[in-house]
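Understanding the architecture of this molecule
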Amino acid sequence: MTATAMKKEMDTVSVENSKTWQKVCNKADLVEFSGVAAWLDNVEPPAQVAIFYLPGHGNELYALDHHDPFSNANVIARGIVGDLKGAPVVASPIYKQHFRLEDGQCLEDEDVKLRTWKVEFKGDEVWIEG
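Residues numbered from 1 in each chain as written. Predicted model: local features only at pLDDT ≥ 70, side-chain atom pairs only at ≥ 80, totals over all residues. Heavy atoms only, no water.

What follows deals with the sheet that holds strand β3 (residues 34–40). Taking strand neighbours across the sheet as the criterion, the 4 strands line up as β3-β4-β5-β11 in an open arrangement whose pairing is antiparallel. Edge strands, defined here as strands with exactly one partner in the open sheet, are β3 and β11 (116–117). (Pairing = 2+ DSSP bridges. Helix = DSSP H or I, 4+ residues; strand = E, 2+ residues; numbered from the N terminus.)

So, in structure tokens, the structure goes:
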């Protein structure tokens, strides 16, 4: 399942320092303890983002690159969510590298890190800062 936001004037909000928040989906579009993909067009270049919803955790929402640098495919949102050494991670569905959801760090290769975004609920809407 993927969630794609239709770009509308009201779905983006500019804030200080040229940061822009973009509405990407609604809470109902998310799958608990799983990922969905969204298109983020308020960054340059536009990016595919994997959003993970972990209800009951201190931080319930995470957003990181959907692009897997090892397989060169946009598949991270389809990865398996789990926990390694107390940290929530996603395992790439292709070659199984683990990426920490908090900071995008690959646990098998310290030189590889996925880009992350600030993400939050605003009511029942999911917004990402670009």
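Right, let's talk about the nonpolar core for a bit. Counting 17 residues, the largest nonpolar core has Val24, Leu30, Ile51, Trp117, Val126 and Ile128 as its most contacted members. No other element matches the 4 residues that strand β4 (residues 47–53) contributes to this core. Counting 15 residues, the second-largest nonpolar core is a separate cluster that includes Ala50, Phe52, Val90 and Leu114. (Core = buried A, V, L, I, M, F, W, Y, C linked by side-chain atoms within 4.5 Å. Buried < 20%, exposed > 50% of the residue type's maximum accessible area, 1.4 Å probe, protein only.)

Of note, the amide linkage connecting Glu44 to Pro45 takes the cis form, showing an omega dihedral of -5°. For Pro45, the position within the fold is in the loop between β3 and β4. The phi dihedral of Asn72 is positive, around 60°, even though this residue is not glycine. Looking at the secondary structure, you find Asn72 in the loop between β6 (67–68) and β7 (73–74).

With that settled, consider the pairing of β3. Most of β3 is tucked away: 5 of the 7 residues are buried. Two elements, β3 and β4, share 7 bridges in a ladder whose sense is antiparallel. From the neighbouring strand, Trp39 faces β4, where its bridge partner is Gln48.

That is the geometry; function is a separate question.
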